[in-house]
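Structural characterization, general
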Amino acid sequence: MELFIIIFLVVLGLCLLVAEILFIPGITVALTGAIVSFIAAVLLAYYNFGFSCAMWVIGASVVLSVVTVLLCMRRKMLKKISLHESITSSVSRNAEEIVPLGAEGIAQTRLAPMGTVLVNGNILESKTYDGYLEAKTRVKVVGFEDSVVIVSRLK
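Just so it is clear, the model here is predicted, and its values are computed rather than measured.

What about the overall build of the chain?
Each helix and strand counted, the chain has 5 helices and 5 strands in total. Helices (α) and strands (β) of the chain occur, in sequence order from the N terminus, as α-α-α-α-α-β-β-β-β-β. Here the C-alpha atoms of the chain give a radius of gyration of 31 Å, more than 25% beyond the 15 Å that 2.2 N^0.38 yields for 155 residues. Principal-axis analysis of the C-alpha atoms places the extent of the chain at approximately 90 × 35 × 20 Å. Across the chain, every contact between residues at least 6 apart in sequence was considered, and the portion connecting residues at least 24 apart equals 45%. For the chain, the exposed area adds up to about 10600 Å²; of that, 65% sits on carbon and sulfur atoms. Here the chain contributes 13 positive and 11 negative side-chain charges, whose respective centroids are spaced 5 Å apart.

The structure is reproduced here in structure tokens:
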């Protein structure tokens, strides 16, 4: 039974090593788990079978880890799991293309000084230089700044 547990711990360490390399690189949680698993296997082998068995487990763990890392780093393996599609979407149109200068709308949220307004059926991010404007205040588009609609209170 102890031999089965030792083999299980070595295999678990190898699986965690693969997970660290391929799936969650840089997190080191899986790598820490792999190291703990290898150490537990070596200690269990030492306490149950003696020093020579512990040395065999260390040797097998090192050799299997090196082979596993080399197999994971092969070009074909990385190509199989890599993303082959590219992102083709783009950001929505500029506010200048959606609403004309001078269009009227209603503040959806409080503009303090940023918020959202409803202009020509479009909800847009907006800014005002008129101080604070409460929600449902009628506004007029007076300019654009980095895709943000500049509005003022409609008089």
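Don't stop here, the text continues.
Structural notes on the sheet that holds strand β2 (residues 114-119)
Strands belonging to one sheet form pairs held by backbone hydrogen bonds; the direction of such a pair is parallel or antiparallel. Taking strand neighbours around the barrel as the criterion, the 5 strands line up as β1-β2-β3-β5-β4 in a closed arrangement whose pairing is mixed. Averaged over neighbouring strand pairs, the angle between their axes works out to 55 degrees when direction is ignored. With 6 bridges connecting them, strand β4 (residues 138-145) and strand β5 (residues 148-153) associate as antiparallel partners. Bridging across to β5, F144 finds its partner in V149.

Some words on the state of the cysteines
Within the structure shown, the criterion is met by 0 disulfides. Lacking any disulfide linkage, C72 is separated from the closest cysteine sulfur, that of C15, by 10 Å.

Concerning the pattern of salt bridges
The final tally for this structure, using the stated rule, is 3 salt bridges. The salt bridge involving R110 is made with E134; its shortest N-O contact spans 3.4 Å. Separated by 24 residues along the polypeptide, R110 in the loop between β1 (104-107) and β2 and E134 in the loop between β3 (122-128) and β4 bring together distant segments of the chain.

So, the pairing of β2
Of the two faces of β2, only one is covered, namely that formed by G115, V117 and V119; the face formed by M114, T116 and L118 stays uncovered. Judged from the 3 bridges that link them, β1 and β2 form a sheet pairing that is antiparallel. Across the sheet, residue G105 finds its bridge partner in β2, namely V119. Where β1 hands over to β2, the hairpin turn is made up of 6 residues, counted between the paired strands. In terms of strand pairing, β2 meets β3 through 6 bridges, oriented antiparallel. The partner of V119 across the bridge, within β3, is N122. Linking β2 back to β3 in an antiparallel pair, the connection comprises 2 residues, with N120 at a positive phi of about 50 degrees.

Quick word on the packing of aromatic side chains
Considering all chains together, one arrives at 1 aromatic pair under this definition. Judged by centre distance (5.7 Å) and plane angle (65 degrees), the rings of Y46 and Y47 are edge-to-face. The class of Y47 is exposed, set by a relative accessible area of 64%.

Cut-off values and rules
- Residues numbered from 1 in each chain as written.
- Predicted model: local features only at pLDDT ≥ 70, side-chain atom pairs only at ≥ 80, totals over all residues.
- Heavy atoms only, no water.
- Helix = DSSP H or I, 4+ residues; strand = E, 2+ residues; numbered from the N terminus.
- Rg over C-alpha atoms; globule rule 2.2 N^0.38 Å.
- Contact = heavy atoms within 4.5 Å.
- Areas by Shrake-Rupley, 256 points an atom, 1.4 Å probe, with all protein chains shown as cover.
- Lys, Arg positive; Asp, Glu negative; His and termini not counted.
- Charge placed at Lys NZ, Arg CZ, Asp CG, Glu CD.
- Pairing = 2+ DSSP bridges.
- Axes fitted to C-alpha atoms, helices over the stretch in contact; angles between N-to-C directions.
- Disulfide = S-S within 2.5 Å.
- Salt bridge = Lys/Arg side-chain N within 4 Å of Asp/Glu carboxyl O.
- Buried < 20%, exposed > 50% of the residue type's maximum accessible area, 1.4 Å probe, protein only.
- Phe/Tyr/Trp six-rings, centres within 6.5 Å; stacked < 30°, edge-to-face > 60°.

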